[in-house]
Amino acid sequence: MVKLIHTLADHGDDVNCCAFSFSLLATCSLDKTVRLYSLSDFTELPHSPLKFHTYAVHCCCFSPSGHILASCSTDGTTVLWNTENGQTLAVMEQPSGSPVRVCQFSPDSTCLASGAADGTVVLWNAQSYKLYRCGSVKDGSLVACAFSPNGSFFVTGSSCGDLTVWDDKMRCLHSEKAHDLGITCCDFSSQPVSDGEQGLQFFRLASCGQDCQVKIWVVSFTRIFARSTEDHLKQFTEDWSEEDVSTWLCAQGLKDLVGIFKMNNIDGKELLNLTKESLAADLQIESLGLRSKVLRKIEELRTRVKSLSSEIPDEFICPITRELMKDPVIASDGYSYEKEAMENWISTKKRTSPMTNLVLPSVVLTPNRTLKMAIDRWLELHQK
């Protein structure tokens, strides 16, 4: 049975999004406002509507606790609101200034993702309200976003139809064309799926698009190893256990070889030392095609390990361009930036800090020679 119980008609223009918390309903509109309603009787709260945005509001979402509401707008900002009194907690400006189309909290409320019309996606620290990481897709506007239930990665969908998976360091884990005419929404199932034999966990993801299709995906990042921090780098190589190797084999579509590898006690160190000769003579893998596939996957793993080991340190990356700094300077907010990027920011952003969104006490930029020398030393080591 379906029965209409209430109709709300307070907005003065198209309503773009609605979201529930445990006690409230939030809506946002082209009329630049966000409205809050009590679920008990659908009356509008005394401090509603929430007004700050200067252009259309595209998306709104509650933090898991329901105490904070996020809204994002064509004006290039994502605003955090206190749902109890309607006060503005933070105004987070997209670094590019592009219209923000979608925002989403992580399951533990520590991060907020915002996606913009120019393809940039930002991870904000939802406690300090500071920019944490920034990335971008090649084409299209970002119009959809969803975090995995465990919060270890999240997915964005673009108007060009690309589905992109990111880890918590804003590294692109996977990207592919999912819908020919653009993605409209995506979401994870809250319940993981287990592989009974290997005990692996997978997450189901649904995406829908303007191609009239809904696609269901199974997502597991054991194959790119969600242990992506530098503290776990060794676990990509010699420190792998035999069980880690088995997990890797399954993720590469080589499940049938698990028994053979276990029988020969192949751990991480042994895996990286395998050759076509040892695969044939020691492991007795007779199929030439299968041996070639295993070697190809091992070489991909070696390449990835090498890439991770030479990853650019965060402190060498400009928060604005997300590229290695060539001429770092210190701004009056205490952060270091690429000189040209910061000069452009100051000239177009009315003296606000890219990291805090607060007004800069001064526009003086001081060369960071210590950081410059550290970057030069790092380049000498990694460009040999």
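Residues numbered from 1 in each chain as written. Predicted model: local features only at pLDDT ≥ 70, side-chain atom pairs only at ≥ 80, totals over all residues. Heavy atoms only, no water.

> Sorry if this is basic, but what is going on with the sheet that holds strand β21 (residues 328-330) here?
Across a sheet, strands are paired by hydrogen bonds formed along the backbone, either parallel or antiparallel in direction. Overall, antiparallel pairing links the three strands, which are arranged β22-β21-β23 in an open sheet. With partners counted over all chains shown, the strands left at the sheet margins are β22 (336-338) and β23 (366-367), one partner each. Judged from the three bridges that link them, β21 and β22 form a sheet pairing that is antiparallel. Paired with Pro328 across the strands is Glu338, a residue of β22. (Pairing = 2+ DSSP bridges. Helix = DSSP H or I, 4+ residues; strand = E, 2+ residues; numbered from the N terminus.)

> What's the story with unusual backbone geometry in this structure? I'm lost.
Of note, the amide linkage connecting Ser48 to Pro49 takes the cis form, showing an omega dihedral of 5°. Tracing the sequence through the fold places Pro49 in the loop between β3 (33-38) and β4 (50-51). Of note, the phi angle at Phe42 is positive, near 60°, even though the residue is not glycine. Residue placement: Phe42 occurs in the loop between β3 and β4. Exposure remark for Phe42: the relative accessible area of 22% places this residue in the partly exposed category. Phi at Asn265 takes a positive value of approximately 55°, unusual for a residue other than glycine. As for its position among the elements, Asn265 is in the loop between α2 (258-263) and α3 (268-272). By relative accessible area, Asn265 is classed as partly exposed at 48%. (Buried < 20%, exposed > 50% of the residue type's maximum accessible area, 1.4 Å probe, protein only.)

> What am I meant to see in the confidence of the model for the chain here?
Low-pLDDT portions of the prediction should not be read for the details of their coordinates. Averaged over every residue, the pLDDT of the chain is 85; the share at 70 or more is 89%. Confidence over residues 222-236 falls short of pLDDT 50; this stretch has 34 contacts with residues more than four positions distant or in other chains. (pLDDT = per-residue confidence, 0-100. Contact = heavy atoms within 4.5 Å.)

> Just to check I follow, could you spell out the UniProt feature "repeat: WD" (unreviewed entry) in the chain for this structure?
UniProt records the feature "repeat: WD" (unreviewed entry) for residues 50-91, 93-134 and 146-167 in the present numbering. A helix fraction of 0% and a strand fraction of 64% characterise residues 146-167, whose end C-alpha atoms lie 12 Å from each other. (UniProt positions renumbered as here; feature names shortened; annotations may be inferred.)

> For this particular structure, what's the right way to read the packing of aromatic side chains?
Two aromatic rings, taken as a pair, are described by how far apart their centres are and by the angle between their planes. Under the defined criterion, the tally for this structure stands at four aromatic pairs. Taken together, a centroid distance of 5.1 Å and an interplanar angle of 35° make the contact between Phe147 and Phe154 tilted. According to the relative accessible area criterion, Phe147 is buried, its value standing at 11%. Judged by its relative accessible area of 1%, Phe154 falls in the buried class. On the numbers, 6.5 Å between centres and 85° between planes, the contact of Phe188 with Phe203 is edge-to-face. Of the two residues, Phe188 sits in strand β17 (residues 183-188) while Phe203 sits in strand β19 (residues 201-209), which places them 15 residues apart along the sequence. With respect to burial, Phe188 and Phe203 carry one shared label: buried. (Phe/Tyr/Trp six-rings, centres within 6.5 Å; stacked < 30°, edge-to-face > 60°.)

> It is not clear to me how the side chain of His53 should be interpreted in this structure. Could you clarify?
Looking at the secondary structure, you find His53 in the loop between β4 and β5 (57-62). A polar side-chain atom of His53 sits 2.8 Å from a polar atom in the side chain of Ser71. Looking at His53, its side chain comes within polar contact range of the side chain of Thr77, at 3.3 Å. Every residue in contact with His53, bar those within four places of it in the chain, is listed here: Lys32, Ser71, Cys72, Ser73, Asp75, Thr77 and Val79. (Polar contact = N/O pair within 3.5 Å; in protein donor to acceptor, adjacent residues only side chain to side chain.)

> It is not clear to me how the sheet that holds strand β11 (residues 120-125) should be interpreted in this structure. Could you clarify?
Strands sit in the order β9-β10-β11-β12 across an open sheet of four strands; the sheet is antiparallel. Each having just a single partner strand, β9 (100-105) and β12 (131-136) make up the two edges of the open sheet. Direction aside, neighbouring strands of the sheet carry axes that sit 15° apart on average. Bridge count between strand β10 (residues 111-116) and β11: five bridges; the pairing is antiparallel. Pairing of Gly115 across the sheet is with Val121, part of β11. (Axes fitted to C-alpha atoms, helices over the stretch in contact; angles between N-to-C directions.)

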